[in-house]
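# Notes for the structure review
Residues per chain, in single letters:
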Amino acid sequence: MKPGTIVYTGKTKKGTDILIRYPLKTDVEEMTLYINTLSNERTFILFQGEQQTLKKEEKYLRSIFTKLRKKIMVKLLVFHDNILIGSSEIEMKEKAEKHVGNFGLSVAKEFRGEGIGTLLMKLVLEKAEKHLPDLKVCVLGVFSDNDFAVSMYQKVGLIPYGRLPNGLKHKDHYVDHIFMYKEMNPIHEKETTPQ
């Protein structure tokens, strides 16, 4: 999981050239612009208009490199013509939940519907299985009014397991927060012999 390692180059369903790779230190400005643009759009992410400073994004990027080294995170970025257009990660939780990975995914508005999200999700899950030794279960939360995402997640094997009514605020109204999971490296209890 060396910074900048390319994991995919090719075209989307609509013929857009893309490159998917691990982050580099030089990505900080693109990452800041990307999250702030998504936040302004008030799309289906936790940022709903708040703006990230370059300084905060630098700190976040440093934490990514630390987590990559510790094998507790996988983070992939999608670029088109050197512009960041997508991002996905699985980050391990801690303590009694250290076998659980939190999944996140986003794609820039102009590039949605080209299959980037599905491809990115498959690549992140694949890299997570390979590079996150403690990973047993992947979890995510999704806005209930994001039918497209729920359907996409189900296609790659995620299963809904709960719903928090009015758990998220989206564009000034409340929607349910749907929780989904996927077993990655299934946990098998050791058989015990009665003594």
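Refer to the structure printed above.
In what follows, the accompanying structure is described. The written sequence of each chain sets the order in which its residues are numbered from 1. With the structure being a predicted model, the display of local features is reserved for residues of pLDDT at least 70 and the display and counting of side-chain atom pairs for 80 or more, all residues being used for whole-chain, interface and lining totals. Excluded from the side-chain calculations are hydrogens and water; all other atoms, namely the structure's heavy atoms, are used.

## Here we look at the overall build of the chain
Using the following cut-off: Numbering of helices and strands starts at the N terminus; helices are DSSP runs of H or I of at least 4 residues and strands are runs of E of at least 2. C-alpha atoms define the radius of gyration, and 2.2 Å times the number of residues to the power 0.38 defines the globule rule. Residue exposure (1.4 Å probe, protein chains only): buried if accessible area is under 20% of the type maximum, exposed if over 50%, otherwise partly exposed. Residue contacts are counted whenever heavy atoms from the two residues lie within 4.5 Å of one another.
Counting its secondary structure elements, the chain contains 4 helices and 8 strands. Its helices and strands taken in sequence order, the chain reads β-β-α-α-β-β-β-α-β-α-β-β from the N to the C terminus. The C-alpha radius of gyration of the chain comes to 17 Å, within 12% of the 16 Å expected for a compact globule of 195 residues. Referenced to the eigenvectors of the C-alpha coordinate spread, the extents of the chain come out at roughly 65 × 40 × 35 Å. Considering the chain as a whole, with its 195 residues, one finds that 44% of them fall into the buried category. Look at the contacts in the chain between residues 6 or more apart in sequence, and 57% of them connect residues 24 or more apart.

## Re the side chain of Thr16
Convention followed: Under this definition, polar contacts are N or O atom pairs within 3.5 Å; protein pairs additionally need one hydrogen-donor-capable and one acceptor-capable atom, and for neighbouring residues in sequence, both atoms have to be side-chain atoms.
Turning to its location among the elements, Thr16 is positioned in the loop between strand S1 (6-11) and strand S2 (17-21). Polar side-chain contacts of Thr16 include one of 2.7 Å to the side chain of Glu114. Discounting residues that sit within four places of it in the chain, Thr16 has contacts with Gly10, Lys11, His80, Phe111 and Glu114.

## As for the environment of Gly101
Its place among the elements puts Gly101 in strand S5 (residues 100-107). With residues near it in sequence (within four places) discarded, Gly101 still touches Ile90, Glu91, Met92, Leu135, Val137, Cys138 and Val139.

## Brief notes about helix H4 (residues 147-155)
Test applied: Directions drawn from the helix axis to the C-beta atoms are what define this arc.
Every buried residue of H4 is listed here: Ala149, Val150, Met152 and Tyr153. Summarising the axial view, the buried residues of H4 lie within an arc of 165°, below the 170-degree limit, and thus occupy one face. Exposed residues lying more than 90 degrees from the buried face of H4 are Asp147, Phe148 and Lys155. Looking at the buried side of H4, the elements it contacts are S5, helix H3 (116-131), strand S6 (137-143) and strand S8 (173-183).

## Looking at the packing of aromatic side chains
Rule in force here: The criterion for an aromatic pair is that two Phe, Tyr or Trp rings (for Trp, the six-membered ring) have centres within 6.5 Å, with stacked assigned to planes under 30 degrees apart, edge-to-face to planes over 60 apart and tilted to the rest.
Scanning the model with the defined rule gives 3 aromatic pairs in all. When the centroid spacing of 6.0 Å and the interplanar angle of 85° are considered together, the rings of Phe103 and Tyr153 count as edge-to-face. In this pair, Phe103 is assigned in strand S5 and Tyr153 in helix H4, connecting sequence segments 50 residues apart. Taking relative accessible area as the criterion, Phe103 reaches 9% and is therefore assigned buried. Centre to centre, the rings of Tyr161 and Tyr181 are 5.9 Å apart; their planes meet at 75°, and the pair counts as edge-to-face. One end of the pair, Tyr161, is in strand S7 (residues 159-170); the other, Tyr181, is in strand S8, and 20 residues separate them in sequence. For Tyr161, a relative accessible area of 47% gives the class partly exposed. Of the residues examined, Tyr181 reaches a relative accessible area of 26% and is grouped as partly exposed. Joined through ring pairs, the aromatic side chains of Tyr161, Phe179 and Tyr181 make up one cluster.

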